[in-house]
Amino acid sequence: MKKLLIALFVSLSSFSFGQTLGKWSVGVGYTPSIQGGATFAAYGNYHFNNKWQVGIMPFGWFDSYENPGFSSQKTNSLGLNLTSRYAPIQLGIFKPYMYSFVGYGHSTFKYTYQNNPTEISTADYLNFSLGIGSEFSVGRGWSLDANYGYLRLGFFEDNGYINTMYFSVGILKRFGK
C-alpha cells in the first residue's frame with residue numbers, strides 16, 4: 001500500500017506540472033465587478049522559470065442597469081494591465097503564488113432618463129493590485145486559476161479613487177519550449 005501511495009504521488013506530481021515547463025501561457029478570466037456587471041480578461045504570460053512570470057492582461061468591464069420607466073445606465077471599460085507572479089513553492093497539483101499588476105483603463109457611462117436627453121461621460125484611470133492565488137493543474141499544461149486581492153483605481157479627472165478587495169477565476173494553458 002505504501003508503494004502504491006508513493007507511485008500515485010509521483011505520477012500526480014509529474015502529470016500536473018511536469019508537462020507545464022513551457023515558456024509561454026495564455027488564458028481567460030472572470031471577475032464579478034465591484035460596481036455591478038462583470039470583468040473579463042485575457043492573459044498572455046512569459047515564464048522566466050517555474051516560479052516567476054510576467055505578462056499582459058487586456059480587460060473589459062461591462063454593466064447594464066435599468067429602472068423601468070425612470071432611467072437606464074450602460075457602462076463599459078476597456079484597458080490593459082502589466083502583470084507579474086511569483087510562486088515560491090509547488091505542491092503537486094497546487095501552485096500558490098503572489099501577484100501584482102498595474103495598468104490603464106478607459107470607461108464610458110451612458111445614462112438615459114425619462115423625458116431627458118441621454119448623457120454620456122467618460123473616465124480614465126490607473127489601477128494597481130496586489131494579491132495571492134493558486135493554480136490547480138488539470139493536466140497537459142492546463143490549469144484552473146483563482147486569486148484574491150486588493151485593487152485600487154485612481155481616476156485622472158477628479159483625483160478620486162476606489163479601494164476594494166476582489167476575487168477572480170480563470171483557466172490557463174502553458175505551452176512552448
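From a predicted model like this one, the values you see are computed outputs, not experimental measurements.

**Concerning the overall build of the protein chain**
For the protein chain, the helix and strand inventory stands at one helix and eight strands. Of all 177 residues assigned to the protein chain, the portion counted as buried reaches 37%. Excluding contacts between residues fewer than 6 apart, the proportion of contacts in the protein chain whose partners are at least 24 apart in sequence is 53%. With the model as given, the accessible surface of the protein chain reaches about 10,500 Å², and the carbon-plus-sulfur share is 68%.

**A short note on the pattern of salt bridges**
Inspection of every chain in the model, using the stated rule, returns two salt bridges. E135 serves as the salt-bridge partner of R85, at 3.1 Å between the closest nitrogen and oxygen. A residue pair is termed long-range when its members are at least 10 positions apart, and R85 in strand 4 (residues 71-86) and E135 in strand 6 (residues 119-139) qualify at 50 residues. Between D145 and R85 there is a salt bridge, with the nearest N and O atoms lying 2.9 Å from each other. Of this pair, D145 sits in strand 7 (residues 142-155) while R85 is found in strand 4, placing the two residues 60 residues apart along the sequence.

**Looking at the environment of I93**
Position of I93 among the secondary structure elements: in the loop between strand 4 and strand 5 (94-113). Classification of I93 as partly exposed rests on a relative accessible area of 40%. C-alpha separation for the pair I93 and S137, spaced 44 residues apart in sequence, amounts to 4.9 Å.

**Quick notes on the sheet that holds strand 1 (residues 24-32)**
As summarised here, the arrangement of the eight strands in space is 1-2-3-4-5-6-7-8, forming a closed barrel in which the pairing is antiparallel. On average, adjacent strands in this sheet sit at an angle of 25° to one another, irrespective of strand direction. Strand direction decides the pairing type here: strand 7 and strand 8 (residues 161-175), joined by 13 bridges, are antiparallel. Residue pairing for strand 8: Y150 is matched across the bridge by M165.

**Quick notes on the pairing of strand 2 (residues 38-47)**
With nine bridges joining them, strand 1 and strand 2 adopt antiparallel strand pairing. Residue pairing for strand 2: V26 is matched across the bridge by G44. One ladder, built from eight bridges, connects strand 2 with strand 3 (residues 52-67); its direction is antiparallel. Looking at the pairing, G44 lines up with I56 of strand 3. Between strand 2 and strand 3, which pair antiparallel and follow one another directly, the connecting turn spans four residues.

**Re the packing of aromatic side chains**
On inspection of all chains with the given rule, the structure shows 11 aromatic pairs. Taken together, a centroid distance of 5.6 Å and an interplanar angle of 40° make the contact between F94 and F136 tilted. On the criterion of sequence distance, the pair formed by F94 in strand 5 and F136 in strand 6 is long-range, its members being 42 residues apart. Here the aromatic rings of Y104 and F156 are separated by 6.3 Å at their centres, their planes lie at 25°, and the arrangement is stacked. With Y104 in strand 5 and F156 in the loop between strand 7 and strand 8, this pair connects stretches of sequence that are 52 residues apart.

Parameters and conventions
Residues numbered from 1 in each chain as written. Predicted model: local features only at pLDDT ≥ 70, side-chain atom pairs only at ≥ 80, totals over all residues. Heavy atoms only, no water. Helix = DSSP H or I, 4+ residues; strand = E, 2+ residues; numbered from the N terminus. Buried < 20%, exposed > 50% of the residue type's maximum accessible area, 1.4 Å probe, protein only. Contact = heavy atoms within 4.5 Å. Areas by Shrake-Rupley, 256 points an atom, 1.4 Å probe, with all protein chains shown as cover. Salt bridge = Lys/Arg side-chain N within 4 Å of Asp/Glu carboxyl O. Pairing = 2+ DSSP bridges. Axes fitted to C-alpha atoms, helices over the stretch in contact; angles between N-to-C directions. Phe/Tyr/Trp six-rings, centres within 6.5 Å; stacked < 30°, edge-to-face > 60°.

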